[in-house]
Amino acid sequence: MALIKSWAVNVWGISMGRKYFGTDGVRGKVGELPITPEFVMRLGFAAGEVLTHRTHLPKGERPAVLIGKDTRISGYMLEAALEAGFSAAGIDVMLCGPLPTPAIAYLTRALRLQAGVVISASHNPYPDNGIKFFSASGNKLPDAVESDIEARLDAPMGCRPSAELGRARRIEDAAGRYVEFCKSTFPSALDLRGLKIVVDCAHGAAYHIAPHVFHELGADVVSIGVSPDGFNINDQFGATAPKSLQAAVKANKADLGIALDGDADRLLMVDRNGRLFDGDQLLYVVARHRHAKRRIKGVVGTLMSNLALERALEKQGIRFARAKVGDRYVLEMLATRGWELGGENSGHIICLDKHTTGDGIVAALQVLTAVRESGRTLGELAGELVLYPQVLINVKVSRGVDLQKNARVQKAKAAVEKRLGSKGRVLLRPSGTEPVLRVMVEGEDRAAVTKAASEIATVVKAEAARLV
């Protein structure tokens, strides 16, 4: 799986070689390029043209794509634009309405289609939206295909003769198919009877999916964040706003809570006491449980994965590797190493033996497998991993200025690393979406970590001001 570069000119003003595609498709604010109906129609046409030339089907058969979306109001407009673009290119379109991103990956593969397209901006607020593609195998498109689509976007849009236009139809049983797929990733000998679970769907794409999955496996389900109106996705509910879930778990005296984000590829969980567990802790639960049953080769995290996770896995004899931040890079490293389990502290958890991409519902079922088979509570299992304090300071810098290699900044970083020794680590990382340098320090002692982060951030601010 190839790396995807970012925009041609990102917010830092640095040329990155890509004009439209970022690390997770095309994304932006609705009404501003590239998220306009005109551009999205052209994108559909360009993608359709590329698929036509790259697909070898029996004579008379047209390539077909699946289009899904989350619950943003702009999804209606963008869905129609994409459909028009694909149809003009002679591509048949299957529409399934609001469905989680991982559902589109699964259904594209299950229906033997040539591609899947998701209209979603994931955990972002409703004014944003995006387009991301999956290949016929349920994986994100390789670099070469995205490059071909970008190249075709620079040419004028055309239209096939009427006899060659693509057709469109709705898949009425898409949600049911995906519910059954999710259930199939949970051991058939187990059930969730006796568990009361609060499921928070962030008013997003899983609102009519996730509650059914856990209910049909036997759980007593309390659903929140399941009333999308086009404007409330990720608003005070879901994985980006877990306080609603924590309160609901306590109020309903539930055994645990599950929070998904707007497109349901991200997961956080809460125990019966309202204690929140992030992606690192949930990844640890799955990894340790699997390793005890059958030794796993290793786990992939990211540069932001907590140091405590790395050390806890190593104590269990599990190898750990860090990829760049982004589930795409976790997937790439898993494929390269031949491993099956990875994730991010933000809640993307990837189980390649269950699905081709990160899936919040499937990941939750893997955690619940550990709960059921161990006979222990979520709090007992996830609470074993005590995360190190992590302090993150965002320092504004001028566009185009790279302070990571600045001599004074490097000196400050080296001094902190020497002082922390093996009890902590330092990470300097430019933001991919805004002109800031992220200064992250973590370690065993919160006071030491806070002081160290402040020291480095002070030097970064001074250098940023000096270089203006």
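Worth saying up front: this structure is predicted, and the values here are computed from it rather than measured.

Let's talk about the confidence of the model for the chain
So, point 1. With 96% of its residues at a pLDDT of 70 or more, the chain shows a mean pLDDT of 93.
So, point 2. In this model residues 1–16 is a low-confidence stretch, pLDDT under 50, and it forms 62 contacts with partners more than four residues away in sequence or in other chains.

Some words on the pairing of strand S3 (residues 92–98)
So, point 1. Extensive coverage of S3 is indicated by the burial of 6 of its 7 residues.
So, point 2. Pairing of strand S2 (residues 64–69) with S3 involves 6 bridges; the strand directions are parallel. Bridging from a neighbouring strand, Val65 pairs with Val93 of S3.
So, point 3. In this fold, S2 hands off to helix H2 (residues 74–88), which returns the chain to S3; that crossover is right-handed.
So, point 4. Where S3 meets strand S6 (residues 168–170), 3 bridges bridge the pair, whose relative direction is parallel. Across the sheet, the residue bridging to Val93 is Ala168, located in S6.

Remarks on the pattern of salt bridges
So, point 1. One pass over the full model with this rule turns up 33 salt bridges.
So, point 2. The salt bridge involving Arg408 is made with Glu463; its shortest N-O contact spans 3.6 Å. Note that Arg408 is positioned in helix H13 (residues 407–420) and Glu463 in helix H14 (residues 446–466), a separation of 55 residues in sequence.
So, point 3. Here Glu463 makes a salt bridge to Arg466, at a shortest N to O gap of 2.8 Å. Note that Glu463 and Arg466 are positioned in helix H14 at a spacing of 3 residues, about one turn of the helix.
So, point 4. Assessed through its relative accessible area of 48%, Arg466 is described here as partly exposed.

Observations regarding the nonpolar core
So, point 1. Counting 72 residues, the largest nonpolar core has Phe214, Ile258, Ile361 and Leu368 as the members making the most contacts within it.
So, point 2. Element by element, the count of residues in this core is highest for helix H11 (residues 360–374), at 9 residues.
So, point 3. Not counting the four nearest positions on each side in its chain, Phe214 is found in contact with Leu192, Val199, Ala219, Val221, Ile258, Ile361, Ala364, Leu365 and Leu368.
So, point 4. Core analysis: the next-biggest nonpolar cluster, separate from the first, contains 32 residues, Ala46, Val65, Val93 and Leu153 among them.

Topic: the pairing of strand S10 (residues 267–271)
So, point 1. Burial analysis of S10 places 5 of its 5 residues in the buried class, the great majority of the element.
So, point 2. Burial of S10 is two-sided: the residues Leu267, Met269 and Asp271 facing one way and the residues Leu268 and Val270 facing the other way are all buried.
So, point 3. Strand direction decides the pairing type here: strand S9 (residues 256–260) and S10, joined by 5 bridges, are antiparallel. Among the inter-strand pairings, Leu260 is bridged to a residue of S10, identified as Leu267.
So, point 4. Two elements, S10 and strand S11 (residues 276–277), share 2 bridges in a ladder whose sense is antiparallel. Within S11, the residue paired with Val270 across the bridge is Leu276.
So, point 5. Here S10 folds back onto S11, and the loop between the two strands holds 4 residues, one of which, Gly274, carries a positive phi near 85°.

Basis of the calculations
- In every chain, residue numbers begin from 1 and rise along the written sequence.
- This being a predicted model, a pLDDT of at least 70 is required before a residue's local features are given, and a value of 80 or more before pairs of side-chain atoms are given or counted; all residues contribute to the totals for chains, interfaces and linings.
- Hydrogens and waters are ignored; side-chain quantities use all the structure's heavy atoms.
- By definition, pLDDT measures how confident the predictor is in each residue, and it falls between 0 and 100.
- Here a residue-residue contact requires only that any non-hydrogen atoms of the pair lie within 4.5 Å.
- Relative accessibility thresholds used throughout: buried, under 20% of the residue-type maximum; exposed, over 50%; partly exposed, between the two (1.4 Å probe, protein chains only).
- The helix count covers DSSP runs of H or I at least four residues long, the strand count covers runs of E at least two residues long, and both are numbered beginning at the N terminus.
- One bridge is not enough; two strands pair if DSSP finds at least two bridges between them.
- Classification remark: right-handed applies to a crossover when, strands pointing away from the viewer, the course from the first strand over the helix to the second runs clockwise.
- Should a side-chain nitrogen of Lys or Arg be within 4 Å of a carboxyl oxygen of Asp or Glu, the pair is scored as a salt bridge.
- By nonpolar core we mean a set of buried residues, namely Ala, Val, Leu, Ile, Met, Phe, Trp, Tyr and Cys, connected to one another through side-chain atoms within 4.5 Å.

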